[in-house]
Amino acid sequence: MAQDKFDVGGMTCAACQAHVDRAVSKLDGVQSVAVNLLAGSMMVDYDPAQVSPDDICTAVDRAGYSASPVS
Ligand code: 9UX
């Protein structure tokens with residue numbers, strides 16, 4: 001299992017936070033998601049054999065927000 005932090009752009013209200021949480025949570029291989037609205041970030045626990053940081057960012061983009069890994 002891997003844990004990574006991502007910057008998340010475009011969230012302006014609590015419902016945005018829920019949208020991002022749901023979009024990432026539903027990916028196969030994602031174990032847990034913690035989205036921080038005020039910080040504009042999220043922590044994701046995932047199985048790297050099933051899902052990649054790129055897949056996670058793409059899911060956030062498709063939900064209408066933007067994400068990039070924090071390295
Ligand atoms: Mo809040 Mo976010 O009304 O896309 S849901 S701004």
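Looking up the chain in an unreviewed UniProt entry gives the name P-type Cu(+) transporter, with the organism given as Collinsella aerofaciens.

(A) Representation of the overall build of the chain. In terms of helices and strands, the chain carries two helices and four strands. Shown N-terminal to C-terminal, the secondary structure of the chain runs as helices and strands in the order β-α-β-β-α-β. At 11 Å, the chain has a C-alpha radius of gyration in line with the 11 Å of a compact globule built from 71 residues. Overall, the C-alpha framework of the chain stretches about 30 × 20 × 15 Å when taken along its three principal axes. Out of the 71 residues belonging to the chain, those deemed buried represent 23%. Contacts in the chain between residues at least 24 apart in sequence constitute 59% of all its contacts with a sequence separation of at least 6.

(B) Inspection of the UniProt feature "domain: HMA" (unreviewed entry) in the chain at higher detail. As recorded in UniProt, the sites labelled "domain: HMA" (unreviewed entry) are residues 2-68. Structurally, residues 2-68 comprises 33% helix and 36% strand, and the distance from its first C-alpha atom to its last is 16 Å.

(C) Local environment of the nonpolar core. If you look at the biggest cluster of nonpolar residues, it comprises 16 residues, and the most contacted ones within it are Val-8, Val-20, Val-24, Met-42, Val-44, Ile-56 and Val-60. Elements with a contribution of two residues or more to this core: β1 (2-9), α1 (14-25), β2 (30-36), β3 (41-46) and α2 (53-62). Apart from residues lying up to four places away in sequence, Val-60 is in contact with Val-8, Val-20, Ala-23, Val-24, Tyr-65, Ser-66 and Ala-67.

(D) How the structure looks around the site of the ligand. Taken together, the neighbourhood of the ligand is formed by Thr-12, Cys-13, Ala-15, Cys-16 and His-19. The class makeup of the residues in the shell around the ligand is three nonpolar, two polar and no charged.

(E) Representation of the environment of Thr-58 within the structure. Residue position: Thr-58 is located in helix α2. The exposure class assigned to Thr-58 is partly exposed, which follows from the 14 C-beta atoms found within 10 Å. Through-space distance from the C-alpha of Thr-58 to that of Val-24 is 9.4 Å; in sequence the pair is 34 residues apart.

(F) Spatial organisation of the environment of Met-11. One can find Met-11 in the loop between β1 and α1. With 12 residues separating them along the chain, Met-11 and Ala-23 place their C-alpha atoms 13 Å apart.

The rules behind each value
- Residues numbered from 1 in each chain as written.
- Predicted model: local features only at pLDDT ≥ 70, side-chain atom pairs only at ≥ 80, totals over all residues.
- Helix = DSSP H or I, 4+ residues; strand = E, 2+ residues; numbered from the N terminus.
- Rg over C-alpha atoms; globule rule 2.2 N^0.38 Å.
- Buried ≥ 20, exposed ≤ 12 C-beta atoms within 10 Å, placed from the backbone.
- Contact = placed C-beta atoms within 7 Å.
- UniProt positions renumbered as here; feature names shortened; annotations may be inferred.
- Core = buried A, V, L, I, M, F, W, Y, C linked by C-beta atoms within 7 Å.
- Near = placed C-beta within 6 Å.
- Nonpolar A, V, L, I, M, F, W, Y, C, P; charged D, E, K, R; others polar.

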